[in-house]
Amino acid sequence: MVSVLGGRIYTRRWRDMAATLVESGALGDSELDRSGAEEPRGEGEEDGAQHTSPAGGHSRLAKLPLSRIKALMKADPDLSLASQESVFIIAKATELFVEMIAKDALVYAQQGKRKTLQRKDLDNAIEAIDEFAFLEGTLD
Amino acid sequence: MAERPEDLNLPNAVITRIIKEALPDGVNVSKEARRAISQAASVFVLYATSCANSFAMKAKRKTLNAGDVMSAMEEMEFERFLPPLRDALEAYKKGQKGKKEASEQKKKDKEKKNGTEEHDKSREEEEEEEEHMEEEDGENEGEEEDVEN
């Protein structure tokens with residue numbers, strides 16, 4: 001599914017993938033919140049700076065597990081190979097995204113004189129903020 | 001894909017921590033809001049990957065690299081992310097370099113100990129991945145994850 005807008009080609013495939021994954025319940029289902037110990041054991045892959053290496057601990061640079069990020073990336077049939085750095089950068093960007101959307105949604109909670117962020121605050125932020133337009137219609 | 005669907009979630013505890021650290025003390029987040037943010041984050045990964053991949057494909061490369069992701073961020077109008085991402089990438093590269101040097105040193109030490117090189121052949125494969133990590137320009141033969149397609 002490719003559309004051409006103003007000379008640039010947009011593939012909407014990621015949107016279809018997102019829709020499929022959200023509908024199937026693969027995204028956003030409440031996992032058992034095992035307070036931090038959530039990563040399945042056996043994730044021995046190159047998690048990059050995720051864990052302290054035997055070479056002697058350098059602090060973890062990414063909070064999100066690179067293996068999980070990579071698994072998501074692999075959902076894209078167009079993707080052949082991804083360097084470890086690219087996975088790391090996407091992980092980092094995702095953290096920044098989470099921070100940003102949480103802060104932007106908070107504004108709406110505060111407008112409603114609430115101290116608890118609610119789903120509708122997210123929806124408002126998504127509607128109002130251009131950068132979040134890609135989320136429209138993708139969440140449950 | 002061998003992953004079970006639930007493996008595609010980003011870990012709740014981590015998402016929650018990131019949210020909490022971004023917001024002032026005393027602010028709470030409802031479960032539904034947290035879930036929505038987690039979903040949004042996953043969608044973000046998909047969108048970013050797709051965008052970055054189109055840059056790689058345009059450059060006729062099969063391997064996505066960090067530069068593609070940076071270009072994608074601009075394309076997606078998240079330029080504000082670029083400075084912290086660049087810093088993080090620098091730190092990451094340094095960390096990886098340290099690891100590589102350490103594992104090479106380990107190898108050397110081991111060779112001295114064993115006096116043979118054969119022993120290390122099996123380890124070489126493991127370390128092979130790490131050795132090529134910094135080669136980011138163009139094709140990266142090192143650690144690529146071969147995505148079945």
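Residues numbered from 1 in each chain as written. Chains lettered and ligands numbered in written order. Predicted model: local features only at pLDDT ≥ 70, side-chain atom pairs only at ≥ 80, totals over all residues. Heavy atoms only, no water.

A. Molecular detail of the pattern of salt bridges. Applying the stated criterion across every chain, the model contains 7 salt bridges over all chains. Of the charged contacts in the structure, one is a salt bridge between Asp123(A) and Arg119(A), with a shortest N-O distance of 3.0 Å. With a gap of 4 residues between them, Asp123(A) and Arg119(A) both fall in helix 4 (residues 119-128), about one helical turn apart. A salt bridge links Arg80(B) to Glu131(A), with the shortest nitrogen-to-oxygen separation between them at 3.5 Å. Of the two residues, Arg80(B) is situated in the loop between helix 3 (66-75) and helix 4 (82-114) and Glu131(A) in the segment after helix 4; the pairing between them involves two chains. Classification of Glu131(A) by relative accessible area gives buried; the value is 16%. (Salt bridge = Lys/Arg side-chain N within 4 Å of Asp/Glu carboxyl O. Helix = DSSP H or I, 4+ residues; strand = E, 2+ residues; numbered from the N terminus. Buried < 20%, exposed > 50% of the residue type's maximum accessible area, 1.4 Å probe, protein only.)

B. Seen up close, the side chain of Thr49(B). Considering the arrangement of structural elements, one finds Thr49(B) in helix 2 (residues 31-58). Discounting residues that sit within four places of it in the chain, Thr49(B) has contacts with Met73(A), Asp76(A), Leu79(A) and Ile90(A). (Contact = heavy atoms within 4.5 Å.)

C. Just the confidence of the model for chain B, in detail. All names here are of chain B. Considering every residue of chain B, the mean pLDDT works out to 82; 72% of them sit at 70 or more. Taken together, the stretch residues 145-149 has pLDDT below 50 and engages in 17 contacts with residues farther than four places along the chain or on a different chain. Among the scores for the predicted complex, ipTM is 0.76 and pTM is 0.74. (pLDDT = per-residue confidence, 0-100.)

D. Representation of the packing of aromatic side chains within the structure. With the rule as written, the count across this model stands at 13 aromatic pairs over all chains. Pairwise contacts between aromatic rings join Trp14(A), Phe97(A), Phe132(A), Phe134(A), Phe44(B), Tyr47(B), Phe78(B) and Phe81(B) into one cluster. (Phe/Tyr/Trp six-rings, centres within 6.5 Å; stacked < 30°, edge-to-face > 60°.)

E. Structural detail: unusual backbone geometry. All names here are of chain A. Non-glycine residue Lys-113 carries a positive phi angle of around 55°. The topology assignment puts Lys-113 in the loop between helix 3 (84-111) and strand 4 (116-117). A relative accessible area of 79% places Lys-113 in the exposed class.

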